Each structure stands twice: as structure tokens, then as C-alpha cells.
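Each chain, letter by letter, is given below.
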Amino acid sequence: MARPDENINFFSERFKTVRKSVGISIKELSTISSISLMTLYRYENGSSIPRSLSSWKVLAEGHGMTLAEYMDALFGIKNLQLEESIKQLEGKFSNLEKNLKGCPLMDKDNSS
């Protein structure tokens, strides 16, 4: 399990990488997001992280992204959600197959 300081360092590196990949300076991000330059510097040097949903949303918008896109860019969250959605769909299809067992239409298709 990662130590808290390793998680913060991971975040600070990803935060900086995503900002640079979008092509905005830290000063531009501060202006766009209305988050103080000092706070953004703290995020980038690993001495702080966003602590509220509203901060995450403002950062996402400042990067020109939805919150989901921003979380994916930072942490690969969307990929995890997609995997979970696939598991849920597989479960629903399995339940559907069980519920349709014995249905004349299903038996007819299986005998061909």
C-alpha cells in the first residue's frame, strides 16, 4: 500500500503533467480557475491537494475538461469505471439468461 506522501507526490506530478499537456501555464490556470497561484504551486510541489469537490470541478473546467475527463487524465478513473460497468453488464446478461431459461423462444433458438 502506498504511503500518503507517495500518493501526494503522484498527484503533484500528474497535476503538472496534465496542465502542461493541455498547454496552459500555472498563471493562466490560476486566472481561469480563480484558484490562487500559491495554492496551485502547493498542488504542483506536493504540499497540498484539492480537498473539495468544487475545487476538483473548477480545476477540471480550468483545464477545459469535464470532471470525468479530468479524473481520467489524472488517475485513469474512467477506465476503472468502464471496467466496473462491464462487470455490471455481464451480471445483468447472466441474470437475463437465467430468467429466460425455459422460454419457448430461447429453446427454439438453442435447438437450431
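Note that this is a predicted model, so its numbers are computed, not measured. (Residues numbered from 1 in each chain as written. Predicted model: local features only at pLDDT ≥ 70, side-chain atom pairs only at ≥ 80, totals over all residues. Heavy atoms only, no water.)

**Focus on the confidence of the model for the chain**
Residues with a pLDDT of 70 or more make up 75% of the chain, whose mean pLDDT is 81. In the model of the chain, helix α7 (residues 104-110) stands out as the element of lowest mean pLDDT, 52, in contrast to helix α2 (residues 26-33), which has the highest, 96. Throughout residues 108-112 the model reports pLDDT below 50, and contacts reaching past four residues in sequence, or to other chains, amount to 0 contacts. (pLDDT = per-residue confidence, 0-100. Helix = DSSP H or I, 4+ residues; strand = E, 2+ residues; numbered from the N terminus. Contact = heavy atoms within 4.5 Å.)

**Structural notes on the nonpolar core**
Core analysis: the biggest nonpolar cluster contains 16 residues, and Phe15, Leu40, Leu59, Tyr70 and Leu74 have the highest contact counts within it. Within the residue set of this core, elements represented by two or more residues are α1 (4-22), α2, α3 (37-45), α4 (53-62) and α5 (67-75). Setting aside anything within four residues of it in sequence, one finds Leu59 in contact with Phe15, Leu29, Ile35, Leu40, Tyr43, Pro50 and Tyr70. (Core = buried A, V, L, I, M, F, W, Y, C linked by side-chain atoms within 4.5 Å. Buried < 20%, exposed > 50% of the residue type's maximum accessible area, 1.4 Å probe, protein only.)

**A word on α2**
Looking only at α2, the buried set comprises Ile26, Leu29, Ser30 and Ser33. End-on, the buried residues of α2 take up no more than an arc of 100°, which puts them together on one face. Residues of α2 that are exposed and point over 90 degrees away from its buried face: Lys27 and Thr31. Just beyond α2, the residue with positive phi is Ser34, at close to 65°. (Arc of directions from axis to C-beta.)

**Here we look at the side chain of Ser48**
Mapped onto the elements, Ser48 comes out in the loop between α3 and α4. Dropping the residues within four chain positions of it, Ser48 is found in contact with Phe11, Arg42 and Tyr43.

**Thoughts on the environment of Lys57**
Tracing the backbone through its elements, the reader meets Lys57 in helix α4. Put simply, Lys57 and Met71 are 14 residues apart on the chain and 9.8 Å apart in space, counted from C-alpha to C-alpha.

**A short note on the pattern of salt bridges**
Under the criterion given, the structure shown has 1 salt bridge. A salt bridge links Arg19 to Glu44, with the shortest nitrogen-to-oxygen separation between them at 2.5 Å. Taken together, the residues span a long stretch of sequence, with Arg19 in helix α1 and Glu44 in helix α3 at a distance of 25 residues. Comparing Arg19 with Glu44, the two get one shared label, buried. (Salt bridge = Lys/Arg side-chain N within 4 Å of Asp/Glu carboxyl O.)

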